Amino acid sequence: MKFFLFLLLVLPAFCADDLAGTYELSGVREVGSSLLLKVDGKFEYMFVYGAADYMAEGVWKRDGDFVVLNTSGKKGEGFRLVSSAAGSAEEIRVTLQGAGGQKVPNIDVAVETAGETLKGRTDSDGIARFEPKANIKGIGFSIRVYNYESKMYPVNAAHRDFVFEINGAAITTVFFENERLRIDSKTLELRYWNKDRAMKYTKN
C-alpha cells in the first residue's frame, strides 16, 4: 500500500521530466519556432514570422494527454501617453519613444478628430506630423509587421503636442492562458495560431 502511494506521488514528476526538453516546429514554411519545457516547470517559447519576433515565458504542467502553458505576468497596454502640451497652432505633433527615451520610427499613427481620422507615420526622429485640426478625440497606433492595432487613447482636445511611449513586451509577448498542447509521442500539437490546424513541435 505504501509503495502504491509512493508511485502516485512520484510518477507525475517522472512524466513531467520525460516531457522536458526542446521542441522545434516542423512542416511550416517561412516560420521558425521552438518551445523549451524545463524540468522545473518553466517554459520558454519563440516564434518568428518574417520580420516579426514573438516570445513567451511562463509555467507549464502536464494534464493527462496535454501540456498546459501559462505565460507569466499580465498583458499590458502597447502604448501610453507620457505628456501633452498646447504645442504649435501650425501642426499636430505625435512623438513616439521607447522606455529608455529612444526614438521609434516607422509606426503608423492615427489622430481621430470630430470629423475625420488623420493618418501618418513616425519619421526617423520618432515624430508624426499632421495638419492642425480642432476637437482631437484620440490617438491610436498600428504596427504592420505584427498586425497590431491599438485602441484610441483619449487626449486633451485643446492640445497639439503629444508624447507616447511604446511597450514592446506587450506587443511581442504571446500570452498563453491555459493553452493546451496535445501530446502525440514526441510531438506537441499547438493550436494557438490556428484553431483548425495544429502546428506540430517535435522533441529534439
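Look above for the structure.
Residues numbered from 1 in each chain as written. Predicted model: local features only at pLDDT ≥ 70, side-chain atom pairs only at ≥ 80, totals over all residues. Heavy atoms only, no water.

Caption draft 1: Quick look at the sheet that holds strand E10 (residues 127-130). Spatial ordering of the open sheet is given by E6-E14-E7-E10, a layout of four strands whose pairing is mixed. The sheet is open, and its two borders are formed by strand E6 (79-85) and E10, each paired with just one other strand. If you compare each strand with its neighbour and ignore which way they point, the axes differ by 20° on average. The sheet contact formed by strand E7 (residues 92-97) and E10 spans four bridges and is antiparallel. Counterpart to Ile 92 in the pairing with E10 is Phe 130. (Pairing = 2+ DSSP bridges. Helix = DSSP H or I, 4+ residues; strand = E, 2+ residues; numbered from the N terminus. Axes fitted to C-alpha atoms, helices over the stretch in contact; angles between N-to-C directions.)

Caption draft 2: Representation of the layout of surface pockets in the model. Considered as a void within the structure, the largest pocket measures approximately 290 Å³ in volume. Around the largest pocket, the lining residues are Ser 26, Gly 27, Val 28, Arg 29, Val 31, Phe 47, Trp 193, Asn 194, Arg 197, Ala 198, Met 199 and Lys 200. Its residues placed into classes, the lining of the largest pocket shows six nonpolar, three polar and three charged. One number sums up the size of the second largest pocket: a volume of about 170 Å³. Every residue along the wall of the second largest pocket is listed here: Tyr 54, Lys 75, Tyr 146, Tyr 148, Ala 170, Ile 171, Thr 173, Val 174, Phe 175, Tyr 192 and Trp 193. When its residues are assigned to classes, the lining of the second largest pocket shows nine nonpolar, one polar and one charged. (1 Å grid on protein atoms, 1.4 Å probe; cavity = no way out; pocket = protein on both sides within 12 Å on 5 of 7 lines; lining within 4 Å. Points joined across faces, edges and corners; volume = space filled by probe spheres on them. Nonpolar A, V, L, I, M, F, W, Y, C, P; charged D, E, K, R; others polar.)

Caption draft 3: Representation of the pattern of salt bridges in the model. Counted by the stated rule, this structure contains 13 salt bridges. Among the salt bridges present, the one from Lys 38 reaches Glu 44, with a minimum N-O distance of 2.9 Å. Between Glu 91 and Arg 129 there is a salt bridge, with the nearest N and O atoms lying 3.6 Å from each other. Of this pair, Glu 91 sits in the loop between E6 and E7 while Arg 129 sits in strand E10, and the two are 38 residues apart along the sequence. You can call Arg 129 partly exposed: its relative accessible area is 45%. Overlapping salt bridges, with partners in common, bring together Glu 91, Asp 123 and Arg 129 in one network. (Salt bridge = Lys/Arg side-chain N within 4 Å of Asp/Glu carboxyl O. Buried < 20%, exposed > 50% of the residue type's maximum accessible area, 1.4 Å probe, protein only.)

Caption draft 4: Seen up close, the sheet that holds strand E5 (residues 66-71). What the eight strands build is a closed barrel, ordered E1-E2-E3-E4-E5-E15-E16-E17; its pairing is antiparallel. Neighbour-to-neighbour, the strand axes of this sheet turn through a mean angle of 30°, independent of strand direction. As defined by bridge partners, strand E16 (residues 187-190) adjoins strand E17 (residues 199-203) across four bridges and the pair is classed as antiparallel. Following the sheet pairing, Glu 189 is matched in E17 by Lys 200.

Caption draft 5: Focus on the environment of Phe 176. Relative to the assigned elements, Phe 176 resides in the loop between helix H2 (168-172) and strand E15 (179-184). For the pair Phe 176 and Thr 71, spaced 105 residues apart in sequence, the C-alpha separation works out to 5.1 Å. Those residues in contact with Phe 176, other than ones at most four positions away along the chain, are Phe 43, Tyr 45, Ala 56, Leu 69, Asn 70, Thr 71, Leu 190 and Tyr 192. (Contact = heavy atoms within 4.5 Å.)

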